[in-house]
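# Summary of the model geometry
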Amino acid sequence: MSSHAATIDHHHDPTTSTGIPNKKLLMWAFLASDCMFFGTLISTHLIYRLHPPAGGLDPKAVFSPELTSFSTFILLMSSLMMALAVTAIQKGNVKSCRWSLLTTIFFGMIFLGCQVYEFQHFVYDKKMTLSNSLLGTTFYTLTGTHGCHVAIGVLWLVLMYVRSFKPGAGSAQRTWFSAQILHAATLIVLLLLVLKVTLGLVHALQIEPGFGAAMTSFLKHEFLGIAGTLLALWGCVWFARPRGPVQFGVANAIDVESMGLYWHFVDIVWIVIFTAVYLLEYL
């Protein structure tokens, strides 16, 4: 860690006898326990894969390595953007930090969208459910738990992004609090609508014979979703308009860094899951 970052940690966050800020130490303790939790789930899946029951589903006939490889790449890029957000706030560049956080949120939602589409494909097309096969039980438990971690991380990123608009001293704090609740709600609604519209477009392209027919079907079924997306986007832009100095800067670097530790951990866990669950089936 650079001397500048170390100064940030020690000047703006209480430290323990180890010299590590309390917030960072708490995050490392949580990640250590979560590491054991995921280790148990991954080990369970691998043990059952070494001794599959007779008549079970063949993973090669179920999994889609192309889609999963794409979502893995997207998640890795989100780690890059998270690192850029930490660097930006350590330098006091709030605007750059906001854009990096938004990009990380966007990439996280793409990953979740791919996971929702993959689960739907496995259940309805491949007939693999949570209860009809041992593969489905271990697979959905493991990847679903990781997906929950990604969703929690996206929500945390949204709250941190909204927090970056907290006005400076002397402003109406009560007004800001109520306004930013609406800001966070609007941003979450926007993300969910974008996810719904995107999945609707993918579904239309799959079931319709031509591109023109697919777009017609898509616009017919997702008109309200598109209108809601545009309205929510306008709301997010309106809430994010400049209002003067904010109480968010270098002093908050430890908060963004702690969030970055969580996000990087989630990405690393997915790399292990991708290797153990998907790639090992093709080796």
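Structure first, text after, so check above.
For the structure given in this document, a descriptive report is provided here. All figures in this text were calculated on a predicted structure; none of them were measured in a lab. (Residues numbered from 1 in each chain as written. Predicted model: local features only at pLDDT ≥ 70, side-chain atom pairs only at ≥ 80, totals over all residues. Heavy atoms only, no water.)

## A short note on empty space enclosed by the protein
In plain terms, the rule: Lining residues are those with an atom within 4 Å of a point, where the points come from a 1 Å grid over the protein atoms alone and group into cavities, where a 1.4 Å probe fits but cannot get out, or pockets, open sets with protein on both sides within 12 Å along at least five of seven lines. Grid points are joined across faces, edges and corners, and a volume is the space filled by probe spheres set on the points. We count a stretch as a helix when DSSP gives it H or I for four or more residues in a row; a strand needs E for two or more, and each element gets its number in order from the N terminus. In this classification, the charged set is Asp, Glu, Lys and Arg, the nonpolar set is Ala, Val, Leu, Ile, Met, Phe, Trp, Tyr, Cys and Pro, and all remaining amino acids, among them Gly, are polar.
Scanning the entire structure with this criterion turns up 1 cavity of 30 Å³ or more. Taken together, Leu-67, Thr-68, Ser-71, Phe-111, Cys-114, Gln-115, Glu-118 and Trp-270 form the lining of the largest cavity. Contributing elements (two or more residues each) for the lining of the largest cavity: helix 4 (65–90) and helix 5 (94–124). Residue composition of the lining of the largest cavity, grouped by class: 4 nonpolar, 3 polar and 1 charged.

## Here's the deal with the nonpolar core
For clarity, the cut-off: Definition of nonpolar core: a set of buried residues of the types Ala, Val, Leu, Ile, Met, Phe, Trp, Tyr and Cys, connected through side-chain atoms within 4.5 Å. Partly exposed residues are those whose accessible area sits between 20% and 50% of the maximum for their type, while under 20% is buried and over 50% is exposed, using a 1.4 Å probe and protein chains only. For this analysis, residues touch if any pair of their heavy atoms sits within 4.5 Å.
Within the largest apolar cluster, 57 residues are counted, with the highest numbers of intra-cluster contacts made by Phe-63, Met-82, Leu-101, Phe-139, Val-154, Val-158 and Val-256. Elements represented by at least two residues in this core include exactly helix 2 (22–50), helix 4, helix 5, helix 6 (134–163), helix 7 (173–207), helix 9 (223–239) and helix 10 (253–278). With 15 residues, the single largest contributor to this core is helix 10. Beyond its immediate chain neighbours, meaning those up to four positions away, Phe-139 contacts His-45, Phe-63, Glu-118, Phe-119, Phe-122, Met-128, Gly-144, Val-277 and Tyr-278.

## Some words on the layout of surface pockets
Counted as a void, the largest pocket has a volume near 790 Å³. Where the lining of the largest pocket is concerned, the elements lending two or more residues are helix 4, helix 5, helix 7 and helix 9.

## What about unusual backbone geometry?
Within the chain, Lys-127 stands out as a residue other than glycine whose phi angle is a positive 60°. With respect to the secondary-structure elements, Lys-127 resides in the loop between helix 5 and helix 6.

## Points about helix 2
Each α-helix winds once per 3.6 residues, and so residues spaced three or four apart point in a common direction. Heads up, the condition is: An expected span of 1.5 Å times one less than the residue number is assigned to each helix.
With 29 residues, helix 2 ought to run about 42 Å at 1.5 Å a step, and its terminal C-alpha atoms sit 42 Å apart, in line with that. For helix 2, the full list of buried residues reads Lys-24, Met-27, Leu-31, Asp-34, Phe-38, Leu-41, Ile-42 and His-45.

## Topic: the packing of helix 6 against helix 10
How we decide: Only the stretch in contact is used when fitting a helix axis, every axis being a line fitted to C-alpha atoms; angles between N-to-C directions are given from 0 to 180 degrees. Orientation categories follow fixed angle ranges, with anything under 35 degrees roughly parallel, anything over 145 roughly antiparallel, 65 to 115 roughly perpendicular, and all other angles oblique. Definitions for this section: a left-handed crossing has its near helix turned counterclockwise from the far helix by less than a right angle. A right-handed crossing has that turn clockwise.
Between helix 6 and helix 10, the shortest axis-to-axis distance is 10 Å and the interhelical angle comes to 160°. Of the possible angle classes, the one that applies to helix 6 and helix 10 is roughly antiparallel. Helix-helix and strand crossings are classified by hand; for helix 6 and helix 10 the assignment is left-handed. The residue inventory of the contact of helix 6 with helix 10, partitioned by class, reads 18 nonpolar, 5 polar and 2 charged.

## Concerning the pattern of salt bridges
Put simply, the rule reads: Salt bridges are defined by distance alone: a side-chain nitrogen of Lys or Arg within 4 Å of a carboxyl oxygen of Asp or Glu.
Across all of its chains, the model carries 4 salt bridges by this definition. Ionic pairing is found between Glu-257 and Lys-24, a salt bridge with its closest N-O pair at 2.9 Å. Here Glu-257 is found in helix 10, whereas its partner Lys-24 is found in helix 2, with 233 residues between them in sequence. The buried category is assigned to Glu-257, whose relative accessible area is 14%. Residue class for Lys-24 comes out buried when judged on its relative accessible area of 8%. When the shortest N-O distance is used, the salt bridge between Lys-196 and Glu-222 registers 2.8 Å.

## Quick look at the packing of helix 2 against helix 10
In the contact formed by helix 2 and helix 10, the axes pass within 11 Å of each other and the chain directions differ by 10°. Considering the angle they form, helix 2 stands roughly parallel to helix 10. Contacts between helix 2 and helix 10 pair Lys-23, Lys-24, Met-27, Trp-28, Phe-30, Leu-31, Asp-34, Cys-35, Phe-38, Ile-42, His-45 and Leu-46 from the former with Ile-254, Asp-255, Glu-257, Ser-258, Leu-261, Tyr-262, Phe-265, Val-269, Val-272, Ile-273, Ala-276 and Val-277 from the latter. Classifying every residue of the contact of helix 2 with helix 10 by side-chain character gives 17 nonpolar, 2 polar and 5 charged.

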